[in-house]
Structures are given as structure tokens and as C-alpha cells.
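The residues making up each chain are set out below.
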Amino acid sequence: MEKIIEDLNWRYACKQFDPNKQISENQLNTLLEALRLTPSSYGLQPWKFVVVENKDLREKLVTASWNQKQVRDASHLIVMCAPKTLDESFIDNYVSDTAKTRGQEPSDLAGFKKMLMMIPNKSVEGQAAWSKNQIYIALGNLMTTCAQMRIDTCPMEGFKPKEYDEILGLNELGLTSVLVCPVGYRSDEDKYSGLSKVRYAKDDLTIRI
Ligand SMILES: Cc1cc2nc3c(=O)[nH]c(=O)nc-3n(C[C@H](O)[C@H](O)[C@H](O)COP(=O)(O)O)c2cc1C
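Please read all numbers here as calculations on a predicted model, not as lab measurements. (Residues numbered from 1 in each chain as written. Predicted model: local features only at pLDDT ≥ 70, side-chain atom pairs only at ≥ 80, totals over all residues.)

Focus: the sheet that holds strand β4 (residues 175–184)
To keep it simple, the criterion reads: Strands qualify as paired when DSSP identifies two bridges or more between them. Where helices and strands are cited, they refer to DSSP runs of H or I of at least four residues and of E of at least two residues respectively, numbered from the N terminus.
Ordered in space as β1-β2-β4-β3, the 4 strands form an open sheet in which the pairing is antiparallel. Two strands bound the open sheet, and with one partner strand each, they are β1 (48–52) and β3 (152–153).

Dropping the structure here:
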């Protein structure tokens, strides 16, 4: 069997983390680098990844997560956030960065910028939905990277974004929480780790034409 399939079978949505097991700073940096390398539509990267280690904050987040203790007990908690508004300065920033990275002038990218303005031109709801779609890609990338490193995760949308934004001071940063992913190591007592994967057969999910 290919190693990646073994890794993907190893991973599961961890419900109970071992609070005594920590990932190292090096491992955390690898995960943040994997997140940074996530592709996004037009490359616009409409996200910030907030790493919460502070235990007092994380205790408060438990109630904002329908009492799911993973957010407290995992080694680190990654809160994946979107900018509240995607305006022209957001586009300008990206165009400048692209020009700098590739040895061009921002004016060389005027046509590209014009196309990118379709994002600020969306409604606030449209922008939020678009950012959210991108952030789910980052979540998938994070989970797969963690599985390869034998680090456990629990993808989570079962939390109250407004309460998270309040507790973590995200409003002041112009951000809103979209997804949560605790990372760390499974507890020996997590009965979910031994359950068989429930997935439809490949033939039922695939159409080859
Ligand atoms: C976007 C997303 C949100 C999820 N939210 C939660 C959650 O809030 N709490 C939780 O315990 N599991 C959550 N899950 C885990 C799923 O229930 C789990 O991935 C699914 O049942 C498949 O099981 P497996 O991941 O163990 O293979 C979520 C999964 C995804 C992909």
C-alpha cells in the first residue's frame, strides 16, 4: 500500500487528546509552513492562522465549542480566520507582493489587478463565502500534513464564531474565525481511534468516462 494511504487511514477526527503530550516548536513550524503553502483562488490567501496556546483562553473556548474538550486538551489549537472585508488594499498588497517576488513592477500587473478586483466587488456575504472556501483547502492540507507526521487533528466547525472572535480579540484585528483545528496526540482512552472508517466504496464515488 502507498504510504500516503496508510497515513490517511491512520488519521481520524480525534475526540480526546492527551493533554500531557506536546508537539515541538519545529513540528509547529512545519505545520505553519504547510499552511502557508496552501493554494488559494488567484493565490490571494484570504486567511490568518491563529495559534492558541494560552490555557485560560482555551478553557473559555470549550463552552464556545459546544463543550468539545479537544480545543483545550490538544497540544496547540489552530483557529483559521478570514479577513472581515476584502477591499482594494487587500488586492494591492497581494499585487505588490507578487511583483516584488517575481522582480516586476506593480504597474506591470495592472491587468491582473483589474481581474482580482472581482473579489472586493462581491457582496460582504459573497466575500465571506469565497474566503471560507479557501480556508477549507487549508484545513485539508493541514490534516494531511499532520497525518504524514503522525500528529493528530480534529477538524471542527462545531463552534460559535462570534464567541471565538470575542474571546480571542479577533474583531480588533479585522478577522473572523471560520474553522478550528486542534493538533496534538490522541489519548489512549479515545475510543474513536479504533473505529473502522465509514466511507463509500471507490466505485460508488468515482465515475470514469
Ligand atoms: C469541516 C468539518 C467539520 C467538522 N466538525 C467537527 C466538530 O465540530 N467536532 C468533531 O468532533 N468532529 C468534527 N468533524 C469530524 C467529522 O465528523 C469526521 O471527520 C467524519 O465523521 C469522518 O471521520 P474521520 O475523520 O474520523 O475519518 C468535522 C469534520 C469536518 C471535515
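Section: the site of the ligand
We apply this condition: Should the C-beta atom of a residue, placed from the backbone, lie within 6 Å of a molecule or strand, that residue is near it. Three classes are used, and their members are as follows: Ala, Val, Leu, Ile, Met, Phe, Trp, Tyr, Cys and Pro are nonpolar, Asp, Glu, Lys and Arg are charged, and the others, Gly among them, are polar.
Around the ligand lies a shell formed by Tyr 12, Ala 13, Lys 15, Gln 68, Cys 154, Pro 155, Met 156, Glu 157, Gly 158 and Lys 197. Residues belonging to the shell around the ligand are distributed by class as follows: 5 nonpolar, 2 polar and 3 charged.

Concerning the packing of helix α2 (residues 25–36) against helix α7 (residues 124–148)
Put simply, the rule reads: Structural elements are reduced to axes, namely lines fitted to C-alpha atoms, with helices fitted over the stretch in contact, and the angle between N-to-C directions of any two is expressed from 0 to 180 degrees. Crossings are sorted by hand: turned counterclockwise from the far helix by less than a right angle, the near helix makes the crossing left-handed, and turned clockwise it makes it right-handed. Note on contacts: residues are paired as contacts if their backbone-placed C-beta atoms lie within 7 Å.
Remark: α2 packs on α7, axes separated minimally by 9 Å, with the N-to-C direction vectors making an angle of 145°. α2 and α7 meet at a crossing whose hand is right-handed. Facing α2, whose interface residues are Leu 31, Ala 34 and Leu 35, α7 presents Ala 138, Asn 141, Leu 142, Thr 145 and Cys 146. Each residue belonging to the contact of α2 with α7 can be placed in one class, and the counts come to 6 nonpolar, 2 polar and no charged.

A closer look at the environment of Asn 93
This is how the line gets drawn: To assign burial, the other C-beta atoms lying within 10 Å of each residue's own C-beta are counted, with C-beta atoms placed from the backbone; 20 or more indicates buried, 12 or fewer indicates exposed, and intermediate counts indicate partly exposed.
Take Asn 93: it is sitting in helix α5 (residues 88–101). Overall, Asn 93 belongs to the exposed group, with 11 C-beta atoms counted inside 10 Å. Residues Asn 93 and Pro 106, spaced 13 residues apart in sequence, show a C-alpha to C-alpha distance of 9.8 Å.

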